[in-house]
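Fold and contact review
Chain residues, written in single-letter form:
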Amino acid sequence: MSRARILFARFVMREIRRARGMRAVPSVGRAHVSLARLCSRVPWFPMRAPVTVRPLAPLDSAAARALADTVLGDAPYAPSMLAPLDGALRSDSEEYRALVVGEHTALIGLIVFGATVGALGAGRIYFVAVDGRARRRGLATALIEAACAELRSRGGRFVAMEMPEEPRLDGARAVALRAGFRPEGRVSDYVREGVGLAFLRRDLVGSHDSGC
Ligand SMILES: CC(C)(COP(=O)(O)OP(=O)(O)OC[C@H]1O[C@@H](n2cnc3c(N)ncnc32)[C@H](O)[C@@H]1OP(=O)(O)O)[C@@H](O)C(=O)NCCC(=O)NCCS
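Residues numbered from 1 in each chain as written. Predicted model: local features only at pLDDT ≥ 70, side-chain atom pairs only at ≥ 80, totals over all residues.

Side note on the confidence of the model for the chain
On average, the chain scores 85 in pLDDT, and the residues at 70 or more come to 81%. Long-range and interchain partners of residues 21-26, a stretch whose pLDDT sits below 50, account for 16 contacts in this model, where long-range means more than four residues apart. This model gives residues 39-46 a pLDDT under 50, and the stretch forms 10 contacts once residues within four places in sequence are excluded. (pLDDT = per-residue confidence, 0-100. Contact = placed C-beta atoms within 7 Å.)

Regarding helix α2 (residues 61-72)
Spanning 12 residues, α2 covers 16 Å between terminal C-alpha atoms, matching the ideal 16 Å at 1.5 Å per step. Residues of α2 that are buried include every one of Ala64, Leu67 and Ala68, and no others. For α2, the arc enclosing every buried residue in end-on projection is 95°, short of the 170-degree limit, so these residues lie on one face. Structural note: α2 exposes Ala62 and Thr70 on the side pointing more than 90 degrees away from its buried face. (Helix = DSSP H or I, 4+ residues; strand = E, 2+ residues; numbered from the N terminus. Expected span 1.5 Å × (residues − 1). Buried ≥ 20, exposed ≤ 12 C-beta atoms within 10 Å, placed from the backbone. Arc of directions from axis to C-beta.)

Re the nonpolar core
The tendency in soluble globular proteins is for nonpolar side chains to be buried as a group. The biggest cluster of nonpolar side chains holds 49 residues, and the ones touching the most others in it are Leu110, Ile111, Val112, Leu139, Leu143 and Ala147. Leaving out residues up to four positions away in the same chain, alanine 147 has contacts with Leu99, Ile111, Phe113 and Ile125. (Core = buried A, V, L, I, M, F, W, Y, C linked by C-beta atoms within 7 Å.)

Some details on the site of the ligand
Taken together, 19 residues surround the ligand, and among them Arg135, Ala140, Gly171, Ala172 and Ala174 come closest. Put simply, the parts of the chain that give the shell around the ligand at least two residues each are β5 (122-130), α4 (139-153) and α5 (170-178). Here the shell around the ligand takes 6 residues from α5, the largest share from any one element. Here the residues of the shell around the ligand sort into 11 nonpolar, 3 polar and 5 charged. (Near = placed C-beta within 6 Å. Nonpolar A, V, L, I, M, F, W, Y, C, P; charged D, E, K, R; others polar.)

Quick look at unusual backbone geometry
The backbone of histidine 104 shows a phi angle near 55°, a positive value even though the residue is not glycine. The topology assignment puts histidine 104 in the loop between β3 (97-103) and β4 (106-115). In this structure histidine 104 comes out as exposed when scored by C-beta crowding, with 6 C-beta atoms within 10 Å. One non-glycine residue with positive phi stands out, namely arginine 136, at about 60°.

This is the structure we're talking about:
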């Protein structure tokens with residue numbers, strides 16, 4: 001086979017694997033994340049590694065807080081994102097739930113989400129956080145898909161995210177858009193003068209329904 005054909009075949013295989021990897025994962029279970037960013041010598045290498053997405057357990061309390069504190073730092077919006085985590089740690093209610101990805105004894109990924117009380121089928125993602133050393137491997141995407149799947153399995157019709165229009169949240173906004181969230185509205189100068197609050201929405205049934 002010529003070199004060009006080998007390269008083309010590799011390209012096709014990579015795209016197939018990438019498409020498979022972007023499919024929904026079960027609400028709780030195995031997902032595949034990319035190792036590409038870890039592979040500095042062959043950055044295009046398409047291998048994907050399995051990770052386990054599981055519900056937050058009481059024993060995760062310290063590790064979950066540590067991850068959230070590290071990732072959110074002293075951001076002004078941190079308290080409003082950490083309060084739902086406390087809710088998820090206090091009780092396994094519909095309103096505040098959390099899923100995690102662990103590595104050895106530490107947590108490297110966390111998502112806090114839940115059903116909006118009093119609104120039929122409305123879900124919400126409060127925040128997603130991934131350890132700095134585990135980013136750009138698809139972990140946030142896997143956690144979002146898992147949260148969406150869980151909300152949908154409980155009758156969710158759509159999921160909303162509120163996101164301060166802070167430059168340091170550009171990455172989070174990019175992940176959300178990539179995961180099928182669309183801008184639904186915004187309030188100017190909500191966070192402070194010149195910084196608004198954006199509302200993003202993803203339908204769980206109907207058009208987008210990326211299979212979660
Ligand atoms: C935002 C965050 C959760 C992303 O986690 P992640 O596991 O690296 O995200 P993924 O690997 O699933 O990214 C999927 C896609 O989103 C986009 N994306 C992710 N991070 C991005 C960034 N910093 N800048 C631009 N695009 C980004 C890319 O398109 C990426 O795909 P690619 O790697 O193939 O290019 C992580 O950077 C984080 O914890 N940030 C700090 C906390 C935070 O801001 N949380 C959000 C509050 S709601």
